[in-house]
Amino acid sequence: MSTDTFVSAFDVFANGKGAADPAKARALREALFSLRNEIRQKIDRGLSATEIAAAKSLLSAAQTAENVVENLSA
C-alpha cells in the first residue's frame, strides 16, 4: 500500500456529496484501485485455501468501496 497521507471517505464527503474536494476524491479512488491491485497480485502469486478466501473477501470489499466512492463522486 502507498505511503501517502491516508484519506478516508469521511474526509472527502464530510460536508456532503456536492462539497467533496475533487483532489481528495481522486486520491481515495486511486488508493482503493491500488489496494485492489495489491490484493489481486497476492492472489495471483498463490495463497493457501484459507488465505485465498480471506483475500477474495478483501478484494470484494475493496471493489465495493471503490464503487461507493465512484457513485458519490459522480
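Conventions used here
- Residues numbered from 1 in each chain as written.
- Predicted model: local features only at pLDDT ≥ 70, side-chain atom pairs only at ≥ 80, totals over all residues.
- Heavy atoms only, no water.
- Helix = DSSP H or I, 4+ residues; strand = E, 2+ residues; numbered from the N terminus.
- Buried < 20%, exposed > 50% of the residue type's maximum accessible area, 1.4 Å probe, protein only.
- Expected span 1.5 Å × (residues − 1).
- Contact = heavy atoms within 4.5 Å.
- pLDDT = per-residue confidence, 0-100.
- Core = buried A, V, L, I, M, F, W, Y, C linked by side-chain atoms within 4.5 Å.
- Axes fitted to C-alpha atoms, helices over the stretch in contact; angles between N-to-C directions.
- Parallel < 35°, antiparallel > 145°, perpendicular 65-115°, else oblique.
- Left-handed = near helix turned anticlockwise from the far one by under 90°.
- Nonpolar A, V, L, I, M, F, W, Y, C, P; charged D, E, K, R; others polar.

Asker: Could you clarify how one ought to interpret the environment of A53 in this entry?
Answerer: For A53, the location among the structural elements is in helix α3 (residues 49-73). For A53, a relative accessible area of 42% translates into the label partly exposed. For the pair A53 and I43, spaced 10 residues apart in sequence, the C-alpha separation works out to 9.7 Å.

Asker: What is the right way to look at α3 in this model?
Answerer: At 3.6 residues per turn, the α-helix brings residues three or four places apart onto the same side. Given a rise of 1.5 Å per residue, 25 residues ought to cover 36 Å, and the 36 Å separating the end C-alpha atoms of α3 matches this to within 8%. Among all positions of α3, only A55, L59, A62, E66 and V69 are buried. Packed against the buried residues of α3 are α2 (22-45).

Asker: Hey, could you run me through the confidence of the model for the chain in this one?
Answerer: Should the pLDDT be low somewhere, the predicted coordinates at that spot are not to be read in detail. Summary statistics for the chain give a mean pLDDT of 81 and a share of 72% for residues scoring 70 or more. At the low end of the mean pLDDT range in the chain sits helix α1 (residues 9-12), at 67; at the high end sits α3, at 88.

Asker: Explanation requested: the nonpolar core in the structure shown.
Answerer: Soluble globular proteins tend to bury their nonpolar side chains together. One finds I39, I43, A55, L59 and A62 forming the largest nonpolar core, which totals 5 residues. Looking at this core element by element, the count peaks at 3 residues for α3. When near neighbours in sequence (up to four residues on either side) are disregarded, A55 contacts I39, I43 and L47.

Asker: I would appreciate a short explanation of the packing of α2 against α3 in the present structure.
Answerer: How two helices pack is summed up by the angle between their axes together with the distance between the axes. For the pair α2 and α3, the least separation of the axes is 9 Å and the interaxial angle reads 160 degrees. Viewed along their axes, α2 and α3 adopt a mutual orientation that is roughly antiparallel. Two packed elements cross with a definite hand, and for α2 against α3 that hand is left-handed. Residues A25, L28, R29, L32, F33, L35, R36, I39, R40 and I43 of α2 lie in contact with α3, whose contacting residues are I52, A55, K56, L58, L59, A62, Q63, A65, E66, V69, E70 and S73. Classifying every residue of the contact of α2 with α3 by side-chain character gives 14 nonpolar, 2 polar and 6 charged.

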